[in-house]
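Here's the letter readout for the chains.
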Amino acid sequence: MREETQAKKQIDAIKGTKDILPCEAGEWRRVEGVTKGIFELYGYRELRAPVFEATELFERGTGQTSDIVIKEMYTFKDKAGRSLTLRPEYTPSVVRSIIENRLYLQPEPMRYYYIGPMFRYDKPQKGRYRQFHQVDIEVFGEKDPAIDAEIIEMAHHLLKTLEVGETETLVNSVGCAACRPAYLRELRVEAQKVKEALCPDCQRKVIANPLRIFDCKVETCRELSRTFPQIINFLCAECEEHFKLFCSYLDLYQIAYRVEPHLVRGLDYYTKTAFEVISGKLGAQNALLGGGRYDDMMKQFGGPDICAIGFAMGMERLLSAVKPRVTKNSFLYFVYMGEESKKAAMGLARYFRENGIECLLEFKDRGLKNQLSRANKLEANWVLIAGEEEVARNRYQIKNMKTSEQKEGSREEILKVLLENK
Ligand SMILES: [Zn+2]
Ligand SMILES: [Zn+2]
């Protein structure tokens, strides 16, 4: 008895995950297609890494003290007792892949992109999922600040093509291993002074990694952090020059930007440039994409000393900001009566499909009138009627469902009409 009731219990999707239904998948494919096309225009190539990696990869790459690693990773032991993690972000996987496959020895420019699912045990809320999808691009081996500006220009090119509308670009420099320690000392001193007023999380961060206080979403912490010293005033000569040139290249592209001195990004590995593009439409959760430089990561992973820069963009958020396009498949619906007509229709559908025409042939026993109303409901573009008489003569009728125009002909003649009106 118990087994029976269990078998009948409905199983739902896991909290924080979501089906992308057929009515939405078309728009996903369109946006993904436009995105890939634009990245290829700038010399980027797709690199597909696995969905799970050794946990250590993210501890080292994303950073031991980042919120992602501390609170949000899907970490589990596999059957051999290894600690694995569903990737919470893409960058560490790319860096691992480059080192492992020695991609830096290839003659191609090292520009990569990827679109796929990421996993974070985040608090599920509107528009935020535990399995979410990211567009990710990375460039390796270009230290010139022109590339920092070019990837932002590429992002704007994409957003404009997708008709995203109003956006704002925020930029900052987070310094480097040479100039950041002095800033962190100063920051720690200032944070210490107001420690009691910070949330418990931030109180811990004062010592461990005070930069992370800027990521806190608690309002009192946000307000206090606005009074903290700004890293932009602590940059070494090299970082300052890099930032100055980067801004001048943005001017060259005529991209309006605002210097946001507390923009440090939620990850430990950034150096020099950090940026975000935010949308005017999306309210509080308004960052469309964010990224920056991480010149030291490759070295930290035991690879060669190659600098890098990239950005990640949330697909769900992007989709909520783009101007949607209704894309409908154009197809031919078959209407037939009786077994002989059905067989003829099956052969015809095979012929048309081989020639690139989408055909829908349903095998329910419906009357002629019912089949026609079904074609209407499905919004078929064409209907082909294969009645006994048509089959006997090997000539068929097609009807354009929009114009009600009818045509008669052999299968070759009909194919011609369908291809011309595709
Ligand atoms: Zn520096
Ligand atoms: Zn806080």
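Note that this is a predicted model, so its numbers are computed, not measured.

## Notes on the packing of helix α13 (residues 338-354) against helix α16 (residues 411-420)
Here α13 crosses α16 at 45°, and the two axes come no closer than 11 Å. In terms of orientation, α13 lies oblique with respect to α16. Crossing angle aside, the handedness with which α13 passes α16 is right-handed. Contact residues: L348, Y351 and F352 in α13; R411, E412, I414, L415 and L418 in α16.

## Some thoughts on the coordination of the zinc ion (ligand 1)
Of the protein atoms, only C176 (SG), C179 (SG), C236 (SG) and C239 (SG) coordinate the zinc ion (ligand 1), at distances of 2.3 Å. Looking at C176, the relative accessible area reads 13%, which means it is buried.

## Concerning the coordination of the zinc ion (ligand 2)
Around the zinc ion (ligand 2), the donor atoms from the protein are C199 (SG), C202 (SG), C216 (SG) and C221 (SG), and they sit 2.3 to 2.4 Å away. For the zinc ion (ligand 2), the four donor atoms are set out with angles of 106 to 115° between them, so the coordination reads as tetrahedral. Site description for the zinc ion (ligand 2): donor spacing in sequence, C-x2-C-x13-C-x4-C. Separated by 17 residues along the polypeptide, C199 in the loop between α7 (180-193) and α8 (200-208) and C216 in the loop between α8 and α9 (219-225) bring together distant segments of the chain. For the pair C199 and C216, one class covers both residues: buried.

## Re the environment of E163
By secondary structure assignment, the location of E163 is in the loop between α6 (145-161) and β7 (167-173). When the C-alpha atoms of E163 and K323 are compared, they prove to be 5.6 Å apart, with 160 residues separating the residues in sequence. Polar contacts involving the side chain of E163 include one to the side chain of R325, which spans 3.0 Å.

## Considering the pairing of strand β6 (residues 131-140)
Counting buried positions over the 10 residues of β6 gives nine, a clear majority of the element. Pairing of strand β5 (residues 110-119) with β6 involves 10 bridges; the strand directions are antiparallel. Each residue of the ladder has a partner; that of Y112, found in β6, is E138.

## Describing a nonpolar patch on the surface
A grouping of V51, F52 and F76 is seen on the molecular surface, where their side chains present a nonpolar patch of about 250 Å² in accessible area. Along the chain, F52 turns up in strand β2 (residues 52-54).

## Points about the environment of R60
Assignment of secondary structure puts R60 in helix α3 (residues 55-61). The spatial distance from the C-alpha of R60 to the C-alpha of M297 is 9.0 Å, given a sequence separation of 237 residues.

## Here we look at the pattern of salt bridges
Side-chain pairing between opposite charges can occur once the charged atoms of the two side chains come close. This model, assessed by the stated rule, comprises 36 salt bridges. Here K71 makes a salt bridge to D201, at a shortest N to O gap of 2.9 Å. Residue K71 is found in helix α4 (residues 67-72), and its partner D201 is found in helix α8; the two are separated by 130 residues along the sequence. We classify D201 as partly exposed; its relative accessible area is 23%.

## Here we look at unusual backbone geometry
Most peptide bonds take the trans configuration, and most residues that are not glycine carry a negative phi. One non-glycine residue with positive phi stands out, namely R102, at about 50°. Looking at the secondary structure, you find R102 in the loop between α5 (91-100) and β5. Phi is positive for S404, close to 65°, though the residue is something other than glycine. Here S404 lies in the loop between β15 (396-400) and β16 (406-409).

## What about the pairing of strand β4 (residues 83-86)?
Sheet faces and side chains relate simply in a regular strand, where the side chains alternate between the two faces. Pairing of β2 with β4, which is carried by three bridges, proceeds in the antiparallel orientation. Opposite A54, over in β4, you have L84 as the bridge partner. By the bridge criterion, four bridges tie strand β3 (residues 74-77) to β4 in an arrangement that is antiparallel. Looking across to β4, one finds that Y74 is bridged to L86. What sits between the antiparallel neighbours β3 and β4 is a turn of five residues, in which G81 has the positive phi angle 85°.

## Details of the confidence of the model for the chain
Here the chain shows a mean pLDDT of 91. Residues at 70 or above account for 96%. Here helix α1 (residues 2-8) stands out as the least confident element of the chain, with mean pLDDT 61; helix α10 (residues 237-252) is the most confident, with 98.

Calculation criteria
- Residues numbered from 1 in each chain as written.
- Chains lettered and ligands numbered in written order.
- Predicted model: local features only at pLDDT ≥ 70, side-chain atom pairs only at ≥ 80, totals over all residues.
- Heavy atoms only, no water.
- Axes fitted to C-alpha atoms, helices over the stretch in contact; angles between N-to-C directions.
- Helix = DSSP H or I, 4+ residues; strand = E, 2+ residues; numbered from the N terminus.
- Parallel < 35°, antiparallel > 145°, perpendicular 65-115°, else oblique.
- Left-handed = near helix turned anticlockwise from the far one by under 90°.
- Contact = heavy atoms within 4.5 Å.
- Donors = N, O, S within 2.8 Å, 3.2 Å for Na, K, Ca; no water.
- Buried < 20%, exposed > 50% of the residue type's maximum accessible area, 1.4 Å probe, protein only.
- Tetrahedral: all angles 85-135°; square planar, octahedral: opposite > 155°, others 65-115°.
- Polar contact = N/O pair within 3.5 Å; in protein donor to acceptor, adjacent residues only side chain to side chain.
- Pairing = 2+ DSSP bridges.
- Patch = residues over 30% accessible without salt bridge, like charges linked within 9 Å, V, L, I, M, F, W, Y side chains within 5 Å.
- Areas by Shrake-Rupley, 256 points an atom, 1.4 Å probe, with all protein chains shown as cover.
- Salt bridge = Lys/Arg side-chain N within 4 Å of Asp/Glu carboxyl O.
- pLDDT = per-residue confidence, 0-100.

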